[in-house]
Amino acid sequence: MGYRCSFMDNEVYSAQDVNERFACMFTEGVSLADGENLLADLNQITSEVATAGVIQDSCKVVKTDTGYKILKGSAIMPDGSGITFDDQGYEFTAEYGVYQYVYLRRNEPYNRIDVVVSTEAPDENCVSLAHITATGLVSDHRKYAQTKLISTQESTLRKVTKEFLSSNSYVCETIDFGSGAFTYFAILDGKIKTATPRKLSACKENLVEITDGEELEIALMGATGVTTAILHIKKDGQYLEVWFESNDRWMDYELTFGVI
């Protein structure tokens, strides 16, 4: 079948199944499960310590010669249940000529998690994996499962530096981060590239949460505190669309964007 679900009612699981689920979220320590219904406890614990999404950089949807495939990996659903795709992955087909969404959906009446390929967008009870365009191209729309506890490990920060030239007072850049599995965005560094390069005084921002389709507006300020340019940032899966509007056509900018 290519995948298995956990933890479903009236199913048998081994100690290894339990260990594999929590090995990706915890170091050594005492167990949090102390209720009578262990499976319900395990799912509840998972939902309380982690957000829904794919675990690490897994469950990527790719195009194959015969259709599409979800690669090896695991994901956590909003209710704390989980799904794991094996080494062979999960193969599926999609209708050509229409825009479709690929996501995971908890199917409680049938006690399982379904892989859904549909023209209907996923809701908050689903885990998005990808979009497939009308021409058959795959756009990565995964989101990482994030721990709600303090982590002892550094998350992976991806950085891209872009130049915005004075010859273009208004320009749109599309930045490909290779994976849509990021939740936060920041401008890490920025400068005006004049004869004497100047740092932007109000460029470095704290990490801001950003979701698919959401648009952020950020003002860039010079040393005097005057706004010199406006950025509009929009997330579309693995891409960030950046609209740059400068108030001064004599200034070239260099900005470093980061996602995590």
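Structure's up top.
Before going into details, it helps to say that this report is about the structure given with it. Residue numbers run consecutively from 1 along every chain, following the written order of its sequence. A pLDDT threshold of at least 70 governs which residues receive local features in this predicted model, and a stricter bar of 80 or more applies before side-chain atom pairs are shown or counted, although totals over entire chains, interfaces and linings include all residues. Excluded from the side-chain calculation are hydrogens and water; included are all heavy atoms of the structure.

## Regarding the environment of Val 115
Then, in step 1: Only DSSP runs of H or I reaching four residues or more are called helices, and only runs of E reaching two or more are called strands; each is numbered from the N terminus. Within the fold, Val 115 resides in strand S9 (residues 112-118).
Then, in step 2: Only protein chains enter the accessibility calculation, which uses a 1.4 Å probe. A residue is then buried if its area is under 20% of the maximum for its type, exposed if over 50%, and partly exposed in between. On the basis of relative accessible area, Val 115 is assigned to the buried category, the value being 16%.

## A look at the packing of aromatic side chains
Then, in step 1: Ring pairs are drawn from Phe, Tyr and Trp, using the six-membered ring of Trp, whenever the two centres fall within 6.5 Å, and their geometry is named by plane angle: stacked under 30 degrees, edge-to-face over 60, tilted for the rest. Summed over the entire model, instances satisfying the criterion amount to six aromatic pairs.
Then, in step 2: Plain terms: the ring middles of Tyr 90 and Phe 92 are 6.5 Å apart, the flat faces sit at 25° to each other, and that makes the pair stacked.
Then, in step 3: The exposure class assigned to Phe 92 is buried, which follows from its relative accessible area of 9%.
Then, in step 4: Seen in terms of ring centroids, Tyr 99 and Tyr 101 are 5.6 Å apart; in terms of plane orientation they differ by 70°. Their pairing is edge-to-face.
Then, in step 5: Connected via pairs of aromatic rings, a cluster forms that spans Tyr 68, Phe 85, Tyr 90 and Phe 92.

## Here's the deal with the nonpolar core
Then, in step 1: What makes a nonpolar core is a set of buried Ala, Val, Leu, Ile, Met, Phe, Trp, Tyr and Cys residues whose side-chain atoms join them at distances within 4.5 Å. By size, the foremost hydrophobic cluster in this structure holds 22 residues, and its most contacted members are Phe 185, Leu 220, Leu 231, Ile 233, Leu 240, Tyr 253 and Phe 257.
Then, in step 2: For this core, the secondary structure elements donating two or more residues are strand S14 (184-192), strand S17 (215-221), strand S18 (227-236), strand S19 (239-246) and strand S20 (253-259).
Then, in step 3: Ranked by residues supplied to this core, first place goes to S20 with four residues.
Then, in step 4: By size, the runner-up hydrophobic cluster in this structure holds 20 residues, among which are Val 61, Val 102, Ile 132 and Ala 181.

## Details of the pattern of salt bridges
Then, in step 1: The term salt bridge refers to a pairing of a side-chain nitrogen on Lys or Arg with a carboxyl oxygen on Asp or Glu at a separation within 4 Å. Counted according to the given criterion, the structure contains six salt bridges.
Then, in step 2: For Lys 69, the salt bridge is made with Glu 91, and the minimal N-O distance between the two is 3.8 Å. Here Glu 91 lies in strand S7 (residues 90-92) and Lys 69 lies in strand S4 (residues 68-70), a separation of 22 residues in the sequence.
Then, in step 3: Between Glu 173 and Lys 162 there is a salt bridge, with its nearest N and O atoms 3.7 Å apart. Of this pair, Glu 173 sits in strand S13 (residues 170-176) while Lys 162 sits in strand S12 (residues 158-164); the two residues are eleven residues apart in sequence, bridging distant segments of the chain.
Then, in step 4: Residue Glu 173 is classed as partly exposed on the basis of its relative accessible area of 23%.
Then, in step 5: In this structure Lys 162 comes out as partly exposed when scored by relative accessible area, which is 23%.

## Describing the environment of Val 160
Then, in step 1: You can see Val 160 is positioned in strand S12.
Then, in step 2: Taking the C-alpha atoms as reference points, Val 160 and Phe 177, separated by 17 residues in sequence, lie 8.1 Å from one another.

Read these as geometric descriptors, not functional statements.
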